[in-house]
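Chains, contacts and geometry: an overview
Chain by chain, the residues:
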Amino acid sequence: MDTRTLEKTVVAALEDIKAKDIEVLDTTRLTSLFDRIVIATGDSNRQTRALARNVQEKVREAGAPVISVEGEETGEWVLVDLGDIVVHIMQPAIRVYYNLEELWAAPSTLRRGRSAAGVAAQ
């Protein structure tokens, strides 16, 4: 299954169970390990586990493999590895604390922000 179709399947599965703040990050220029990171928020342990299960079910129904799942026992942060896409489903406090969106921001974006600040300071 191509990455774009897999991404749409994942996002639809998350929307089915009312995930919040779904973000898709293109990591093709940052790592060769995977092409996308999908980050979503669930309000409770129960919801994060339900979101992860729904992603797994929909991906398997679409004919793609689920490589592994981590964190289902606590439900605070569940990671679903689909190979080309890694899905992170977190509770709000965990998502804010780890701030994966900033961690995986493109380096050129961060550099541009820093240089602009440096120019303004001169």
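Reference entry: report on the structure contained in this document. Owing to the predicted nature of the structure, the values given are computational and were not obtained by experimental measurement.

1. Focus on the environment of serine 68
Among the structural elements, serine 68 can be located in strand S3 (residues 68–70). For serine 68, a relative accessible area of 26% puts it in the partly exposed group. Along the sequence, serine 68 and valine 86 sit 18 residues apart, while their C-alpha atoms lie 9.8 Å from each other. Leave out the neighbours within four places in its chain, and serine 68 touches Leu79, Val80 and Asp81.

2. A closer look at the side chain of arginine 95
Along the polypeptide, arginine 95 turns up in helix H3 (residues 92–98). Among the polar contacts listed, one links the side chain of arginine 95 to the side chain of glutamate 101, at a separation of 2.5 Å.

3. Here's the deal with helix H2 (residues 45–61)
Structurally, the α-helix is built with 3.6 residues per turn, so residues lying three or four positions apart point the same way. The terminal C-alpha atoms of H2 lie 24 Å apart, and with 17 residues this matches the ideal 24 Å at 1.5 Å per residue to within 8%. Where H2 is buried, its residues contact helix H1 (3–16), strand S2 (36–41), S3, strand S4 (77–81) and strand S5 (85–90). Backbone geometry just after H2 places glycine 63 at a positive phi near 95°.

4. What to know about the sheet that holds strand S1 (residues 20–26)
With mixed pairing, 5 strands are arranged side by side in an open sheet as S1-S2-S5-S4-S3. Only two strands of the sheet have a single neighbouring strand rather than two, namely S1 and S3. Between one strand axis and the next, the sheet turns through 10° on average, direction left out of account. Here 3 bridges tie S3 to S4, and the two strands are oriented antiparallel to one another. Bridging across to S4, valine 69 finds its partner in valine 80. Sheet contacts for H1: S1, S2 and S5; angle to S5, the most-contacted strand, approximately 15°.

5. With respect to the environment of threonine 48
Relative to the elements of secondary structure, threonine 48 occurs in helix H2. When the C-alpha atoms of threonine 48 and leucine 79 are compared, they prove to be 9.9 Å apart, with 31 residues separating the residues in sequence. In contact with threonine 48, other than residues within four places in its own chain, are Gly42, Gly75, Glu76, Val78, Ile89, Met90 and Gln91. A polar contact of 2.3 Å, which involves the side chain of threonine 48, links it to the backbone oxygen of glycine 75.

Thresholds applied
- Residues numbered from 1 in each chain as written.
- Predicted model: local features only at pLDDT ≥ 70, side-chain atom pairs only at ≥ 80, totals over all residues.
- Heavy atoms only, no water.
- Helix = DSSP H or I, 4+ residues; strand = E, 2+ residues; numbered from the N terminus.
- Buried < 20%, exposed > 50% of the residue type's maximum accessible area, 1.4 Å probe, protein only.
- Contact = heavy atoms within 4.5 Å.
- Polar contact = N/O pair within 3.5 Å; in protein donor to acceptor, adjacent residues only side chain to side chain.
- Expected span 1.5 Å × (residues − 1).
- Pairing = 2+ DSSP bridges.
- Axes fitted to C-alpha atoms, helices over the stretch in contact; angles between N-to-C directions.

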